[in-house]
Amino acid sequence: METWHTCEKKHCRAGWVVTLAGAEGKELERRFNTELTAMMIYDASCPGYRINPARFYDSNEDALADMKKLAEER
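On a predicted model such as this, the values are computed, not experimentally measured, just so you know.

S.K.: Sorry, what's going on with the pattern of salt bridges here?
M.R.: Opposite charge on two side chains permits pairing when their charged atoms draw close. Inspection of the entire model under this criterion finds five salt bridges. Notably, a salt bridge pairs aspartate 58 with arginine 55, separated by 2.6 Å at the nearest N-O pair. Taking the relative accessible area as the measure of exposure, arginine 55 reaches 26% and is therefore partly exposed. For arginine 55, the salt bridge goes to aspartate 66, with nearest N and O atoms at 3.4 Å. Remark: aspartate 66 occurs in helix α4 (residues 60-73) and arginine 55 occurs in the loop between α3 (34-45) and α4; sequence separation between them is eleven residues. Among the ionic contacts, a cluster of salt bridges with common partners joins Arg13, Arg55, Asp58 and Asp66.

S.K.: For this particular structure, what's the right way to read the nonpolar core?
M.R.: Across soluble globular proteins, nonpolar side chains show a tendency to be buried alongside one another. Counting twelve residues, the largest nonpolar core consists of Cys12, Ala14, Val17, Val18, Ala38, Ile41, Tyr42, Cys46, Tyr49, Ile51, Phe56 and Leu70. Listing elements by their share of this core, those giving two or more residues are α1 (13-20) and α3.

How each quantity is defined
Residues numbered from 1 in each chain as written. Predicted model: local features only at pLDDT ≥ 70, side-chain atom pairs only at ≥ 80, totals over all residues. Heavy atoms only, no water. Salt bridge = Lys/Arg side-chain N within 4 Å of Asp/Glu carboxyl O. Buried < 20%, exposed > 50% of the residue type's maximum accessible area, 1.4 Å probe, protein only. Helix = DSSP H or I, 4+ residues; strand = E, 2+ residues; numbered from the N terminus. Core = buried A, V, L, I, M, F, W, Y, C linked by side-chain atoms within 4.5 Å.

Taken by themselves, the reported measurements are silent on function.
Below is the structure:
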């Protein structure tokens, strides 16, 4: 999770949120930063859910477990 945008396939959780948002995500990231952009995308796509930006630094295992939990709740 600590290595961001080092290649086309390796991102932290926030980096993946931005990448999967496409051109609009990249434009927001250019204007702001990765963490804020990811938080904005989460806010727009998951109303009522506020991600703690500390979750962007979870281990791979913890991040995947949290994302799975969120998917099951939706």
